[in-house]
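Structure at a glance
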Amino acid sequence: MKTREVTIINQGLEDEMEVWGYRPCLWKRVLVGGGAVCSGGLLLLLLYWLPEWGVKGTCTHTSLRDAHTLLLRTTDEFKQWFRAKVHVMSAPGKKPFDSLDLQSTAQRPNGGGDHGISAVLNEHHGKLKQSFQIHYFTHHSTKYYWNDMMQNFELYKGLEDVKVSCADIHSDHSPGLSKTRQDYRRLFFGVNEIAVRVPSLFKLLMKEVLNPFYIFQFFSVILWSAEDYYYYATAIVFMSVISIATSLYTIKKQYVMLHDMVSAHSVIRVSVCRGSKDIEQAMSTDLVPGDVIIIPANGMVMPCDAVLVHGTCIVNESMLTGESVPVTKTSLPSSGEEAARSFNMEEHKRHTLFCGTHVIQTRFYAGELVEAVVVRTGFSTEKGQLVRSILHPKPTDFKLYRDAYLFLLCLVGVAGIGFIYTIILSIMNKVPAKTIIIESLDIITITVPPALPAAMTAGIVYAQRRLKRVGIFCISPQRINMCGQLNLVCFDKTGTLTEDGLDLWGVQTAEGGRFSLPEADAAIESLVNSVFVAGMATCHSLTKIEGVLSGDPLDLKMFSATGWILEEPTEEETALHNPIMPTVVRPPKHSVPEANQNNPLTHNMELSELSSCEIGIVHQFPFSSTLQRMSVVIRRLGEKHMHAFLKGAPEVVVSLCRPHTVPQSFTETLETYTRQGFRVIALAHRQLESKLSWHKVQSLSRVLIETNMEFLGLIIMQNKIKEETAGVLLELRQANIRTLMVTGDNMLTAISVARDCGMVRVHERVIIADAAPPKDFHPASITWHYTENPAQTNKSNQSVEINLEPGVHDQRVTQQEQSYHFAVTGRAFAVVTEFFPQLVQKLVLRGTVFARMAPDQKTQLVEVLQSIDYTVGMCGDGANDCGALKRAHSGISLSELEASVASPFTSTTSNISCVPNLIREGRAALITSFCVFKFMALYSVIQYLSVTLLYSILSNLGDFQFLFIDIAIILIIAFTMSLNPAWKELVWRRPPSSLISGRLLCSVLTQILTCLVFQVLAFLLCL
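A brief look at the structure comes next. (Residues numbered from 1 in each chain as written. Predicted model: local features only at pLDDT ≥ 70, side-chain atom pairs only at ≥ 80, totals over all residues. Heavy atoms only, no water.)

**Brief notes about the packing of aromatic side chains**
Under the counting rule described, the total for this entry stands at 19 aromatic pairs. Geometrically, the ring pair formed by Tyr184 and Phe188 is edge-to-face, given 5.5 Å between the ring centres and 75° between the ring planes. You can see Tyr184 and its partner Phe188 sitting in helix H6 (residues 179-189), four residues apart, about one turn around the helix. Pairing Trp505 with Tyr673 gives two aromatic rings, centres 5.8 Å apart and planes at 65°, and the pair type is edge-to-face. Here Trp505, found in strand E22 (residues 503-511), pairs with Tyr673, found in helix H20 (residues 666-675); they are 168 residues apart in sequence, far enough to count as distant. (Phe/Tyr/Trp six-rings, centres within 6.5 Å; stacked < 30°, edge-to-face > 60°. Helix = DSSP H or I, 4+ residues; strand = E, 2+ residues; numbered from the N terminus.)

Laid out in structure tokens, this is it:
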């Protein structure tokens, strides 16, 4: 038999899937139709629950090109199956970015010369010689189109698909699209809309009712009604109706909330460029990748992902990042080395305006407009992908639920034995056929209790209510049980373990290659007009919004410490000048007369000019987390020369400075501060050439500016640990729950905070694992050194033995084994992951501090921890933690902003005291689930034994006996059992995670055997 080749779509991505093609088969459909009639519709239900059977049972395998139906299976651990229908559309081209040069006229991808396409689109369908039939299918709000060359389906995301460079975006795409070309691209990209359709109540009801448990309950109710057992049947119907109504209300409410969140400002009117000069008003739903939109001066909510090509914008990105701090976005480089690189949204995000973010203000040249080229639309945008992840989440994988299904299958097997036994016994005793059918089916409803799902859900519902009382809100109730099994929690640092804001502890200037003594106040007379304080006052991304200074909290603290004043131009002032009007900063008036005459920024001034002493910020290079720095170009009003200031991570800033300007004691001084937990920022300065003009500076690459700098000194910021942090971490440690710190901050600062809050105890040592990628024929390498003595690195006698046996991390280990921790930077983590994959698991087993970690690395770390059987919790403030919060077994957001919609739990308390509360309630719900399951299973098996014995003498329990057992004993106990609150302390021992364990099975089987012995003895004695 020929093996069928498996085709992969989205290869290497998170939503990677295998795909097979099928076409309808008449004889299979006839057979399925006959089977459905004979089974009373049960076969159709089975095919609905198992889509792979539904496709294979009605279709035959064929090539993807000829397929009418596709069968999809995810390649992750869940192996989910989906079916998709293939559709066909007609288009004058095969791909959205085809030039469609029908008249041999050279055209740019976005340029003019679209006479040919206009003719094609308007031509009568009967004469459409250039029309192509394109096959596509839709899955999870995303369209996939057939590619003849690849012989596979592919996804069109947007402008990035054509691998266009930054310079090409300026030259080829900035004129905008013609109307006909826009219409053509819309055939592929569809309407620019993130459509969250709120399903009708009827659709939700059908989906809920067709759940296997409800079908079984429906079957049970019919059977009991046939036996005139109306009382319990009514009770089950009543519970089912309440359960279905509650579920429908919750699901509908979540859909409406998501719809309202997405639809707010999603459809607006925008100004679109048509060619070089024409501007027309259009609906945002008409936009396609390649369109050029104009950002109005008073801002807008972005309806798509777009890259700035002209002007500057100040944006609030809280919808995506959870961080409400305004961010400055600058135009994409049009020349230089960076402009030659391919455009990538991740790399060029400081130039990209993301869908759903709010543009607060714009800056522009007089006579020029702030323009942006549309890159992605609809569900391909960053906001669209976030909404997709909420609409189509990965299933919850928890051992309890897997074991519960196995246990139910065992009960079904036991019921099957009773079913056969009842039929044989009834036939031997010549019982009427109707009685045989009813009694044999009744055995199944006795063995598999229909009230089990409702009883198990009760514990989770009660826990959810208790969580709500302590300010923890849950959008995924099934995750509460998972919280009871958490044995590791990752914490973000800033805003989570420590206070959100930073305080200026002091500054330490450098002059002549030496450090001066640290000063606590930057606004003292000797410093207020110095180059150092001028750098503090200008090197930031602050802006005034409605008269209030806004921006990064660190920048705000730093600027306010200088005592300087910031002024921004109004729209009228900007319009009156040819060059862009700069933001201006100036020192407080009282300090100007005592200005330092030796200051390079003031020594060329006339005495009359000294009173103004204003500095204009000509150009900003925003802070980049990848580069770990930001810079500005400034000019004192009236001076010929411009200056550049650079601010960032000390190690990075020093590497860009002239060596003789850096004090020899730099490394020791920096370590002194970072060991004490201070956040240290370095400042540098450079005087630029006089030939540089305002316009030339706007297009200069930051690489040309950020070089050959003069080191100015250090700014020392203090980040205080929250009062609750140390106590909570101690409580988690005593409960045998491991804690990690995952932060974007400096390594030594993170280690200091870890020691101060008790994550690393006093007697424990920290080993920094550093790694370097291959360079100049040298292979990748790893070095190890203790933080207490960094000079000692990877000597042959300094080795650490790590035992990576299953379950080691779960057991009590000796004091000696726990006496060290690894600390890893994001750079080292990336190198180890790529070049030393065999060490990754060993590293994370002992890793406690992960510093300078990018958002995607946080998610990657969570996945590695899950791969070594940790049940992982993640606690963050919502800023850059969204990926990790979603991926963890239990994500707890301390932010109530919209980004937290993706997190299963959101706390209204802005400290980590919510973590023990959540774990306690999780343990209570998990224990309740186990107890209810055991109790219901025991009750059903014991009742099964009783009924089986009674069937042997052609007898049965009476209706009121059944009613008393089912309602008075079983339901009341099962539901009241869940009312027990969580224990007030976290203990060392966690609840069991598996139903299929020796201890639990022994308990259940012993109880069943005991009851069996007593029932058999009583039965024999009464005969």
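**Topic: the sheet that holds strand E15 (residues 312-316)**
With antiparallel pairing, the four strands of this open sheet are ordered in space as E13-E18-E15-E16. Of all the strands in the sheet, the pair left with one neighbour each is strand E13 (300-301) and strand E16 (326-329). Sheet topology places E15 next to E16; four bridges connect them, and they run antiparallel. The partner of Asn316 across the bridge, within E16, is Pro326. (Pairing = 2+ DSSP bridges.)

**What to know about the pattern of salt bridges**
Tallying each qualifying case throughout the model produces 20 salt bridges. Across the salt bridge formed by Glu764 and Arg761, the nearest N and O atoms sit 3.3 Å from each other. A network of salt bridges, in which partner residues are shared, links Lys179, Asp183 and Arg186. (Salt bridge = Lys/Arg side-chain N within 4 Å of Asp/Glu carboxyl O.)

**Topic: the nonpolar core**
Counting 90 residues, the largest nonpolar core has Tyr232, Phe491, Phe905, Val915 and Met936 as its most contacted members. Counting residues per element, this core draws most heavily on helix H29 (residues 914-951), at 19 residues. Once residues lying within four places of it in the same chain are set aside, the contact partners of Met936 are Pro449, Ala451, Leu452, Ala455, Ile970 and Ala974. (Core = buried A, V, L, I, M, F, W, Y, C linked by side-chain atoms within 4.5 Å. Buried < 20%, exposed > 50% of the residue type's maximum accessible area, 1.4 Å probe, protein only. Contact = heavy atoms within 4.5 Å.)

**Quick word on helix H12 (residues 399-428)**
Counted at 1.5 Å a residue, the expected span for H12 with its 30 residues is 44 Å, and the 44 Å between its end C-alpha atoms agrees. All buried positions along H12 are accounted for by Leu400, Tyr401, Asp403, Ala404, Phe407, Leu408, Leu411, Ala415, Gly418, Thr422, Leu425 and Ser426. Looking at the buried positions of H12, the neighbouring elements they touch are helix H8 (212-226), helix H13 (433-447), helix H14 (452-469), helix H15 (479-483), H29 and helix H31 (998-1022). In the segment just after H12, Lys430 is the residue with positive phi, at about 55°. (Expected span 1.5 Å × (residues − 1).)

**Digging into the packing of H8 against H13**
At a closest axis distance of 10 Å, the pairing of H8 and H13 adopts a crossing angle of 140°. One way to sum up the angle between H8 and H13 is to call them oblique. In this structure, H8 crosses over H13, and the sense of that crossing is left-handed. The segment H8 lies against H13, with Phe216, Phe219, Ser220, Leu223, Trp224 and Ala226 engaging Ile438, Leu441, Asp442, Ile444 and Thr445. Class assignment for the residues of the contact of H8 with H13 results in eight nonpolar, two polar and one charged. (Axes fitted to C-alpha atoms, helices over the stretch in contact; angles between N-to-C directions. Parallel < 35°, antiparallel > 145°, perpendicular 65-115°, else oblique. Left-handed = near helix turned anticlockwise from the far one by under 90°. Nonpolar A, V, L, I, M, F, W, Y, C, P; charged D, E, K, R; others polar.)

**Description of the side chain of Thr848**
When you line up the elements, Thr848 lands in strand E37 (residues 847-851). Here the side chain of Thr848 touches His821 through a polar contact of 2.6 Å, side chain to side chain. (Polar contact = N/O pair within 3.5 Å; in protein donor to acceptor, adjacent residues only side chain to side chain.)

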